[in-house]
Amino acid sequence: MPEFREALRLAIAEEMQHDERVILIGEDVAAAGGVFKVTEGLHERFGSARVIDTPISELALSSAAFGAAVAGCKPIVEIMFGDFMALPMDALVNQAAKYWYLSVGRNSVPLVVRTAAGAGGRFGAIHSQSPGTWLHGVPGLKVVCPSCVADARALLKAAIRDPNPVVFIEHKRLYAAKGELGEELEPLGKAQVVRVAGEGGGGAGVGGGAGKGGAGRGGDVTIATVMKGVPDALAAAEQLAKDGIEVEVIDLRSLRPLDVETVAESVARTHRLLAVEEGPRTGGWAAGLIGAVASEALGEVDDLWTLCTPDTPIPFSPTLEDAFLPGADAIAQAIRMRFGLESKTRMSEVEA
């Protein structure tokens, strides 16, 4: 089975083959094949005119990509680490995201910005952040966050074909993950239920004892998350099933558009929602999702809460970084705590 990085490479190659306007630009994307080896072999296949190494200036290369997109190309920009997304903000947020609006719908900017994000790899505080929260409030941008091999290919292809700018965030700890390729294209902005609560016959345990719980209503709690949070949530769901707690897991797949409808439909079945974000709760997408679902599903909700990281820089120490992150054990613990089965013993914040 292909790796996540190979699925990304396949998507880029297929779109470059499909449309000669597609170009790839960034630092070390050509001869070196990218720092995470996503673009390996593309320079040899498509040549220096379409796979272009740039100087180390994220603002310069993103501004060049904006100009190229306006002029008729379809650039794919690689920003090596998500932490560096602060550098191309002017070209992306003030130019590319606004151009369709300022041109009264006459001109679009078919631009994709790929970047590697996420902690857990011992990269330290300035190479481990997830910039989705910086961007999910910007009108005119789409923010896409795949969690599996199939979506790595399908969503990247859809992003490249989108007529307006897309930020495509790839979690570093997923690059070596393996899986099936699946569909060639998937729509942007549509969440996916990746685990249906109660399918294994559970759901009548702890949640069932609470009154509304049980298999008849479709499980005990919904978890909504993105990227590395999805396999972590699935692993936590398997742990919790042994305790009689049935979990439904939703892969949001994008932060903008945010598919509140799919989450609200799940919460209508489970009556509880945990939003798991690898990032601080303050200003994060998880708290925004909780608020949106609360406004959509009034009268159907027993409990809404978040599991996020502390409001601190990401630690380098392996022990501290592991405790900092909302991994599978932390997710399972957060839900057990909510059901009164376990006390709080970890660093990450669990807040109403």
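Residues numbered from 1 in each chain as written. Predicted model: local features only at pLDDT ≥ 70, side-chain atom pairs only at ≥ 80, totals over all residues. Heavy atoms only, no water.

Trainee: Mind showing me how you'd approach the packing of helix H1 (residues 4-18) against helix H6 (residues 149-161) here?
Mentor: To characterise two packed helices, one gives the angle between the axes of the helices and the distance between these axes. Direction vectors running N to C along H1 and H6 enclose 30 degrees, while the axes themselves pass 8 Å from each other. Between H1 and H6, the angle falls in the class roughly parallel. For the pair H1 and H6, the crossing hand works out as right-handed. Note on element contacts: H6 touches H1 through Val149, Ala152, Arg153, Leu156, Lys157, Ile160 and Arg161, opposite Phe4, Ala7, Leu8, Leu10, Ala11, Ile12, Glu14, Glu15 and His18. The residue makeup of the contact of H1 with H6, split by class, is 10 nonpolar, 1 polar and 5 charged. (Axes fitted to C-alpha atoms, helices over the stretch in contact; angles between N-to-C directions. Helix = DSSP H or I, 4+ residues; strand = E, 2+ residues; numbered from the N terminus. Parallel < 35°, antiparallel > 145°, perpendicular 65-115°, else oblique. Left-handed = near helix turned anticlockwise from the far one by under 90°. Contact = heavy atoms within 4.5 Å. Nonpolar A, V, L, I, M, F, W, Y, C, P; charged D, E, K, R; others polar.)

Trainee: Sorry, what's going on with helix H9 (residues 285-296) here?
Mentor: Residues three or four positions apart in an α-helix share a direction because the helix packs 3.6 residues into each turn. For H9, spanning 12 residues, the distance from its first C-alpha to its last is 16 Å, which sits close to the expected 16 Å at 1.5 Å a residue. Buried within H9 are the following residues: Trp285, Ala286, Leu289, Ile290 and Val293. Projected down its long axis, H9 carries its buried residues within an arc of 140 degrees, all on one side. Its buried side turned inward, H9 meets helix H5 (132-135), strand S8 (221-225), strand S10 (254-256), helix H8 (260-270), strand S11 (272-280) and strand S12 (303-309). (Expected span 1.5 Å × (residues − 1). Buried < 20%, exposed > 50% of the residue type's maximum accessible area, 1.4 Å probe, protein only. Arc of directions from axis to C-beta.)

Trainee: Where do I start with a nonpolar patch on the surface in this structure?
Mentor: Together, Trp100, Tyr101 and Leu102 make up a nonpolar patch on the protein surface, roughly 420 Å² of accessible area in all. One can find leucine 102 in helix H4 (residues 89-102). (Patch = residues over 30% accessible without salt bridge, like charges linked within 9 Å, V, L, I, M, F, W, Y side chains within 5 Å. Areas by Shrake-Rupley, 256 points an atom, 1.4 Å probe, with all protein chains shown as cover. Salt bridge = Lys/Arg side-chain N within 4 Å of Asp/Glu carboxyl O.)

Trainee: Could you clarify how one ought to interpret the environment of threonine 222 in this entry?
Mentor: With respect to the helices, strands and loops of the structure, threonine 222 is situated in strand S8. Placed 26 residues apart in sequence, threonine 222 and glutamate 248 show a C-alpha to C-alpha distance of 4.6 Å. There is a polar contact of 2.6 Å between the side chain of threonine 222 and the side chain of serine 266. (Polar contact = N/O pair within 3.5 Å; in protein donor to acceptor, adjacent residues only side chain to side chain.)

Trainee: Help me out: how do you make sense of the pattern of salt bridges in this one?
Mentor: Oppositely charged side chains are able to pair whenever their charged atoms sit close together. Following the criterion strictly, the structure yields 23 salt bridges and no others. Linking arginine 195 and glutamate 246 is a salt bridge whose minimum nitrogen-to-oxygen distance equals 3.3 Å. Note that arginine 195 is positioned in strand S7 (residues 192-195) and glutamate 246 in the loop between helix H7 (229-241) and strand S9 (247-251), a separation of 51 residues in sequence. Each member of the pair arginine 195 and glutamate 246 is classed as buried. Glutamate 248 is the salt-bridge partner of arginine 269, the closest N and O atoms lying 2.4 Å from each other.

Trainee: Where do I start with the packing of aromatic side chains in this structure?
Mentor: The geometry of an aromatic ring pair is captured by the separation of the ring centres together with the interplanar angle, meaning the angle of the planes. One pass over the structure, following the stated rule, counts 7 aromatic pairs. Summarising the aromatic geometry, the rings of phenylalanine 4 and tyrosine 175 are spaced 6.2 Å apart at their centres and angled 70 degrees between planes, so their arrangement reads as edge-to-face. With phenylalanine 4 in helix H1 and tyrosine 175 in the loop between strand S6 (166-171) and S7, this pair connects stretches of sequence that are 171 residues apart. For phenylalanine 4, a relative accessible area of 0% puts it in the buried group. Exposure remark for tyrosine 175: the relative accessible area of 3% places this residue in the buried category. On the numbers, 5.1 Å between centres and 25 degrees between planes, the contact of phenylalanine 36 with tyrosine 175 is stacked. (Phe/Tyr/Trp six-rings, centres within 6.5 Å; stacked < 30°, edge-to-face > 60°.)

Trainee: For this particular structure, what's the right way to read the side chain of glutamate 277?
Mentor: The topology assignment puts glutamate 277 in strand S11. As a buried residue without a salt bridge, glutamate 277 has its nearest oppositely charged side chain in arginine 281, at a separation of 8.4 Å. Residues contacting glutamate 277, with those up to four places away along its chain left out, are Thr133, Gly284, Trp285, Ala286, Leu307, Cys308, Thr309 and Pro326. (Lys, Arg positive; Asp, Glu negative; His and termini not counted.)

Trainee: Would you mind going over the state of the cysteines with me for this structure?
Mentor: Put plainly, a disulfide is one covalent bond tying together the sulfur atoms of two cysteines. Per the stated rule, a full pass over the model turns up 0 disulfides. Looking at cysteine 148, it has no disulfide partner, and the nearest cysteine sulfur is the one in cysteine 145, 13 Å off. (Disulfide = S-S within 2.5 Å.)

Trainee: Is there a simple way to think about the packing of helix H3 (residues 58-70) against H4 in this case?
Mentor: It is at 9 Å that the axes of H3 and H4 come closest, and there the two elements cross at 15 degrees. Considering their axes alone, H3 and H4 lie roughly parallel with respect to each other. Regarding H3 and H4, the two cross each other, and that crossing is left-handed. Across from Leu59, Ser62, Ser63, Phe66 and Val70 in H3, the residues of H4 making contact are Asp90, Ala91, Gln95, Ala96 and Tyr99. Split by residue class, the contact of H3 with H4 holds 6 nonpolar, 3 polar and 1 charged.

Trainee: Got a minute to help me understand the pairing of S12 in this structure?
Mentor: Consecutive side chains along a regular strand alternate between the two faces of the sheet. Counting buried residues in S12 gives 7 out of 7 residues, a clear majority hidden from the surface. As paired elements, S11 and S12 share 6 bridges and run parallel to each other. Bridged to proline 280 within S12 is threonine 309. (Pairing = 2+ DSSP bridges.)

Trainee: What exactly am I supposed to notice about the confidence of the model for the chain here?
Mentor: Looking at the chain as a whole, the pLDDT averages 91, with 91% of positions reaching at least 70. Confidence over residues 200-205 falls short of pLDDT 50; this stretch has 12 contacts with residues more than four positions distant or in other chains. Counting contacts from residues 207-217, a segment whose pLDDT is below 50, to residues more than four positions away or on other chains yields 29 contacts. (pLDDT = per-residue confidence, 0-100.)

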